[in-house]
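Fold and contact review
Residues per chain are reported as follows:
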Amino acid sequence: QVQLVESGGGLVQAGGSLRLSCATSGRTFSRYTMGWFRQAPGKEREFVAAISWSGGLTYYADSVKGRFTISRDNAKNTVYLQMNSLKFEDTAVYYCAAKWGVGVRNVKEGGMDYWGKGTLVTVSS
């Protein structure tokens, strides 16, 4: 069993930055591919970024490529999402998720094993 708890959301002006964290429990965290998803009001949840178990591979949605960076610290059982140059359309609830045994490109298909409860990011224009 893996539990995920997101933090770091808040209100930020357009052009600003936020860093989200996802703290996990469980001794097998380092074996999971991790992903960030988001859901804006009135929209379906969408893939944002993914990182391999080792941290050596990453994959991003086109909408955030070059602005967001996903990373992980397996010693701390934590995955991060650094968000720069935020736009109004980045406003959403951001979810951390974990899946065993998939490549980073497969994460966007969903079907994750575990989900956090989300953290709200609001970008003011």
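As shown above, the structure is provided for reference.
In short, a report on the structure. (Residues numbered from 1 in each chain as written. Predicted model: local features only at pLDDT ≥ 70, side-chain atom pairs only at ≥ 80, totals over all residues. Heavy atoms only, no water.)

As summarised here, the arrangement of the four strands in space is 1-3-8-7, forming an open sheet in which the pairing is antiparallel. The two strands at the open ends of the sheet, each matched to only one other strand, are strand 1 (4-7) and strand 7 (68-73). Direction aside, the axes of adjacent strands within the sheet are offset by 15 degrees on average. Pairing of strand 3 (residues 18-24) with strand 8 (residues 78-83) involves six bridges; the strand directions are antiparallel. Residue pairing across strands places Leu18 opposite Met83, the latter belonging to strand 8. (Pairing = 2+ DSSP bridges. Helix = DSSP H or I, 4+ residues; strand = E, 2+ residues; numbered from the N terminus. Axes fitted to C-alpha atoms, helices over the stretch in contact; angles between N-to-C directions.)

We now examine the pairing of strand 3. Counted residue by residue, strand 3 has five buried out of seven residues, so it is predominantly covered. Bridging between strand 1 and strand 3 involves four bridges; their strand directions are antiparallel. The residue bridging Ser7 from the neighbouring strand is Ser21, located in strand 3. (Buried < 20%, exposed > 50% of the residue type's maximum accessible area, 1.4 Å probe, protein only.)

What follows covers the side chain of Thr119. Its location among the elements puts Thr119 in strand 11 (residues 119-124). According to the relative accessible area criterion, Thr119 is buried, its value standing at 10%. Within the local environment of Thr119, its side chain forms a polar contact with the backbone nitrogen of Gly9, the two atoms lying 3.2 Å apart. Aside from chain neighbours lying at most four places away, what touches Thr119 is Glu6, Ser7, Gly8, Gly9, Leu20, Ala92, Val93 and Tyr94. (Polar contact = N/O pair within 3.5 Å; in protein donor to acceptor, adjacent residues only side chain to side chain. Contact = heavy atoms within 4.5 Å.)

Within the element layout of this structure, Gly8 appears in the loop between strand 1 and strand 2 (10-13). Distance in space between the C-alpha atoms of Gly8 and Leu57 is 23 Å, their sequence separation being 49 residues. Those residues in contact with Gly8 that lie beyond four places of it in its chain are Leu18, Arg19, Leu20 and Thr119.

Moving on, we get to the environment of Trp53. Mapping Trp53 onto the fold places it in the loop between strand 5 (46-51) and strand 6 (58-60). A relative accessible area of 53% places Trp53 in the exposed class. The sequence separation of Trp53 and Gly103 amounts to 50 residues, and the corresponding C-alpha distance is 9.2 Å. If we ignore the near neighbours within four places in the chain, the residues touching Trp53 are Ser30, Arg31, Tyr32, Thr33, Arg72 and Asn74.

Let us look at the nonpolar core. One finds Met34, Trp36, Leu81, Met83 and Tyr94 to be the most contacted residues of the largest nonpolar core, which totals 38 residues. Sorting the residues of this core by element identifies strand 3, strand 4 (32-39), strand 5, strand 6, strand 7, strand 8, strand 9 (92-100) and strand 11 as the ones contributing at least two each. Leaving out residues up to four positions away in the same chain, Tyr94 has contacts with Glu6, Leu20, Trp36, Phe37, Arg38, Val48, Phe68, Leu81, Met83, Gly118, Thr119 and Val121. (Core = buried A, V, L, I, M, F, W, Y, C linked by side-chain atoms within 4.5 Å.)

Attention shifts here to the packing of aromatic side chains. Under the definition given, this model contains six aromatic pairs. Centre to centre, the rings of Tyr32 and Tyr114 are 6.0 Å apart; their planes meet at 70 degrees, and the pair counts as edge-to-face. Within this pair, whereas Tyr32 is found in strand 4, its partner Tyr114 is found in strand 10 (residues 114-115), the two being separated by 82 residues in sequence. For the pair shown, Tyr32 and Tyr114 are each scored as buried. Following the ring pairs from residue to residue traces out a cluster consisting of Phe37, Phe47, Tyr59, Tyr95 and Trp115. Directly above the ring of Trp115 sits Arg45, whose terminal nitrogen or CZ lies 3.7 Å from the centroid. (Phe/Tyr/Trp six-rings, centres within 6.5 Å; stacked < 30°, edge-to-face > 60°. Lys NZ or Arg CZ within 6 Å of the ring centre and 35° of its normal.)

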